[in-house]
Amino acid sequence: MADIITFDPAYFQELTKDLGNVSKSLGEAKASLQKATVGLDSGLVAFALCAKLNDDIKQVKKTADARVSETNGFSKALTGGITRVNSWETTTKNRESGLAAQLSKTWGFENGKFTGETGQTTAGTVASPSTSSNGANLTAQNMGSKYYSQNLSGVPRTLINDYDGKEHMNCVYYARSRAMEANGLDAYSPKGSGSEIQANSIAHFPGHDVFIENVERDASGQPTKVVFTESNWGGAADGHRVEMSYSEFVNRSGSKVNGYTYF
């Protein structure tokens, strides 16, 4: 006779409860797994962003290094430029007064009055042979001599003239070379300096030097006429010869003589 299965309601309820707990546990496990999946996705995204950020940082650093290198180059160029500008400033200051005065002469203005003349005529005329002079023993000028092709330390031989835009012999170079030629010197060696005009000397104006060839004087010994040679003055030829009254000379073009160097 077959065994009779007895239905136990309490057991069934307990089994149902256990199945419910298992289902609940599976649901919680599923939710946890979903959260873990989201977290994993977020982590991957964050990793990707960090990797991209790191690449950007490397690129920025590379660009910055290149800019620093360029800046160093600019700094060197700027330093060199400043040095050149300082040199130009010094040269400009030395020539400024002479240039302004020469422009005044060029356009025919003298003490605010228009003379109606242009060019170099107001700066002086070509000198005629002097009848009395204390510079008669000087060697005659020869622009083709060795003196005008020599090297004078610290003195450039030529400069671009602002008046005509052409290259002319630097006035300082010319005056020193002429002094050496006039006295047969192998080196530039002046004997002294002072404030009195003399033949065989260099007169120093603000931004311009000339060589005094002759000085004519009256019976009392006062200077009346000056004969000089110069270079880099307006558009005149290098080494041109000029004569004018002493009163004109010492205040030539509105620039007073600063002093003289004697030989």
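Structure: above.
Residues numbered from 1 in each chain as written. Predicted model: local features only at pLDDT ≥ 70, side-chain atom pairs only at ≥ 80, totals over all residues. Heavy atoms only, no water.

Colleague: Can you lay out the overall build of the protein chain for me, pointing to particular residues and giving the numbers?
Modeller: From N to C terminus, the protein chain includes three helices and ten strands. In the protein chain, the order of α-helices and β-strands from amino to carboxyl end is α-β-β-β-β-α-β-β-β-β-β-α-β. Within the protein chain, buried positions represent 28% of all 263 residues. Considering only intrachain contacts with a sequence separation of at least 6, the fraction spanning at least 24 residues in the protein chain is 59%. By element, 58% of the accessible surface of the protein chain is carried by carbon and sulfur atoms, the whole surface being about 17,000 Å². (Helix = DSSP H or I, 4+ residues; strand = E, 2+ residues; numbered from the N terminus. Buried < 20%, exposed > 50% of the residue type's maximum accessible area, 1.4 Å probe, protein only. Contact = heavy atoms within 4.5 Å. Areas by Shrake-Rupley, 256 points an atom, 1.4 Å probe, with all protein chains shown as cover.)

Colleague: Lay out the sheet that holds strand 6 (residues 201–205) in plain terms, naming residues and giving numbers.
Modeller: Pairing within the open sheet is antiparallel, and its six strands lie in the order 5-10-6-7-8-9. Edge positions in the sheet fall to strand 5 (192–194) and strand 9 (240–245), since each of these pairs with one other strand and no more. Between one strand axis and the next, the sheet turns through 30° on average, direction left out of account. In the sheet, strand 6 pairs with strand 10 (residues 259–262) via four bridges, with the strands oriented antiparallel. Across the sheet, Ser201 pairs through a bridge with Tyr262, a residue of strand 10. Where helix 2 (residues 171–183) meets the sheet, it contacts strand 6, strand 7 (208–217) and strand 8 (223–230), and its direction lies at approximately 45° from that of strand 7. (Pairing = 2+ DSSP bridges. Axes fitted to C-alpha atoms, helices over the stretch in contact; angles between N-to-C directions.)

Colleague: So, unusual backbone geometry: which residues are in play, and what are the values?
Modeller: Phi at Asn232 is positive, roughly 60°, even though this residue is not glycine. Here Asn232 is to be found in the loop between strand 8 and strand 9. Overall, Asn232 belongs to the buried group, its relative accessible area being 9%. Backbone geometry places Ser253, a non-glycine residue, at a positive phi of 55°. Given the relative accessible area of 14%, Ser253 is considered buried.

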